[in-house]
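Topology and contacts: notes
This is what each chain is made of:
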Amino acid sequence: MSSWLEQAPSLTNVLHYSLAAVALLLVVLGFVTYAIYFERKVIGWMQLRPGPNRVGPLGLLQTISDVTKLLLKEDTRPKHADKALFTLAPILAYSPAFAVLAVMPFTDTIQFADLGVGVLYYIALSSITVMGVITAGWASNNKYSLIGGMRSAAQMISYEVPLVMSVVGIILMTGSLNLKDIVYAQQDVWNIVPQFLGFIVFLIAAQAELNRSPFDLPEAESELVAGYHVEYSGFRFAMFMLAEYVYMFGMGTLIVVLFLGGWLPIHPSLDFIPPIIWFIIKFMFYVFLQFWLRATMPRFRADQLMGFAWKVLLPVALFNIMLTAFVITYQNGFM
């Protein structure tokens, strides 16, 4: 009993981690709130529209107004839906999206949990979200929801394969699954240079994993009304939307850590700028790229979507692994 008490976390540590988790949650919710606003503004600017400009100065309170409206809406549920699964689906979709942020190193000191297998942790938890989407499609007892759920399952599972394969080259180069070790290994050159093929594959596959344009087929309103969440309303619908933007936050931080040097400056002479500022600059560049693609790219057809994953991205990812292994073997000397 005494040894168990010695190993148990102290009240101070529990309070510290609780406050850190609350702070992280507030940061993510703040990002989600104004990412939606800036997305609408950026797309409006690119399409010569004003965007939100009514609620609050410059429309800054528009998203808060929309969220409040969702929270006050009636929470409906189809009569013949599976009640337990219908309730569980939004939780399955959202919870992993927030949990993956626990291992993200924003700077050398700002990280919730430093795991030796941080890359595997992210991949494993992010894979759970597809279960929430499938469950929502099935439990709604609606054919459009079911088709949207099946589409999403096919898309997300297919694009997870090249997504994971594109990271293997970085793991071979650094010899570690720890996200901090991967950042430290980019002191001389960022991974986007030697792993440019892996970066392109990862960027495209991540877009499909996020169900963002031009890979937003699971929510194709033109033929599926609204896809897997067509029967959801109020707060449950908001959880699906929240999961998408929280995953954008997580995927953006992951790309910065894996390929863009994390919190490291572009040049050592610029190290007087705080590391968190460098991280935010790189992260915001990725977020702007997301908005840009949505305003520019048309939606794929379903057959084009699946063929692109298996016939293009997967072979390129495998070629990148073989090329990386060959270069590493050559540098170390052939056996």
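Anyway, here's the lowdown on the structure attached to this text. These figures come from a predicted structure and were not determined experimentally.

Definitions and limits used
Residues numbered from 1 in each chain as written. Predicted model: local features only at pLDDT ≥ 70, side-chain atom pairs only at ≥ 80, totals over all residues. Heavy atoms only, no water. Helix = DSSP H or I, 4+ residues; strand = E, 2+ residues; numbered from the N terminus. Expected span 1.5 Å × (residues − 1). Buried < 20%, exposed > 50% of the residue type's maximum accessible area, 1.4 Å probe, protein only. Axes fitted to C-alpha atoms, helices over the stretch in contact; angles between N-to-C directions. Parallel < 35°, antiparallel > 145°, perpendicular 65-115°, else oblique. Left-handed = near helix turned anticlockwise from the far one by under 90°. Contact = heavy atoms within 4.5 Å. Nonpolar A, V, L, I, M, F, W, Y, C, P; charged D, E, K, R; others polar. Phe/Tyr/Trp six-rings, centres within 6.5 Å; stacked < 30°, edge-to-face > 60°. Salt bridge = Lys/Arg side-chain N within 4 Å of Asp/Glu carboxyl O.

A short note on helix H11 (residues 234-259)
- With 26 residues, H11 should reach 38 Å at 1.5 Å per residue; the first-to-last C-alpha distance of 38 Å fits that figure.
- The buried fraction of H11 is high, at 22 of 26 residues.
- Directly beyond the C-terminal end of H11, a positive phi value near 80° is found at glycine 261.

Regarding the packing of H11 against helix H12 (residues 275-296)
- One can describe the packing of H11 onto H12 by two numbers: an axis separation of 9 Å at closest approach and a directional angle of 125°. Relative to H12, H11 is oriented oblique. In this structure, H11 meets H12 at a crossing whose hand is right-handed. Together, Tyr245, Met248, Phe249, Met251, Gly252, Thr253, Ile255, Val256 and Val257 of H11 and Phe279, Lys282, Phe283, Tyr286, Val287, Gln290, Phe291 and Arg294 of H12 make up the contact between the two elements.
- Of the residues in the contact of H11 with H12, the class split is 12 nonpolar, 3 polar and 2 charged.

Section: unusual backbone geometry
- Put simply, serine 213 and proline 214 share a cis peptide bond, and its omega is 10°.
- Along the chain, proline 214 turns up in the loop between helix H9 (196-209) and helix H10 (221-224).
- Although it is not a glycine, leucine 48 adopts a positive phi angle of roughly 60°.
- For leucine 48, the location among the structural elements is in the loop between helix H2 (11-46) and helix H3 (62-72).

Quick word on the packing of aromatic side chains
- Tallying each qualifying case throughout the model produces 15 aromatic pairs.
- Relative to phenylalanine 240, the ring of tyrosine 228 has its centre 5.5 Å away and its plane inclined at 70°; by these criteria the two rings are edge-to-face. Here the residue tyrosine 228 occupies a position in the loop between H10 and H11, and phenylalanine 240 occupies one in helix H11, the gap between them amounting to 12 residues. The same class applies to tyrosine 228 as to phenylalanine 240, namely buried.
- Through successive ring pairs, a cluster of aromatic residues spans Phe31, Phe106, Phe249, Phe279 and Phe283.

Comments concerning the pattern of salt bridges
- As enumerated under the stated definition, the model contains 7 salt bridges in all.
- In this structure, arginine 212 engages glutamate 39 in a salt bridge whose closest nitrogen and oxygen atoms are separated by 2.6 Å. Placement of the pair is arginine 212 in the loop between H9 and H10 and glutamate 39 in helix H2, with a sequence separation of 173 residues.
- Arginine 294 is paired through a salt bridge with glutamate 39; the nearest N and O atoms lie 2.8 Å apart. Here the residue arginine 294 occupies a position in helix H12, and glutamate 39 occupies one in helix H2, the gap between them amounting to 255 residues.
- Residue classification places arginine 294 among the partly exposed positions, given a relative accessible area of 42%.
- Note on glutamate 39: relative accessible area 2%, which makes it buried.
- The network of salt bridges with shared partners includes Glu39, Arg212, Glu244 and Arg294.

A short note on the environment of aspartate 181
- By the element assignment, aspartate 181 lies in helix H8 (residues 179-184).
- By relative accessible area, which is 36% here, aspartate 181 ends up partly exposed.
- Sequence separation between aspartate 181 and isoleucine 171 is 10 residues, and the spatial gap between their C-alpha atoms is 10 Å.

Overview of the side chain of serine 166
- Mapped onto the elements, serine 166 comes out in helix H7 (residues 143-174).
- Residue class for serine 166 comes out buried when judged on its relative accessible area of 0%.
- Excluding its chain neighbours within four sequence positions, the residues that come into contact with serine 166 are Gln195, Gly198, Val201, Phe202, Phe259, Ala317 and Asn320.

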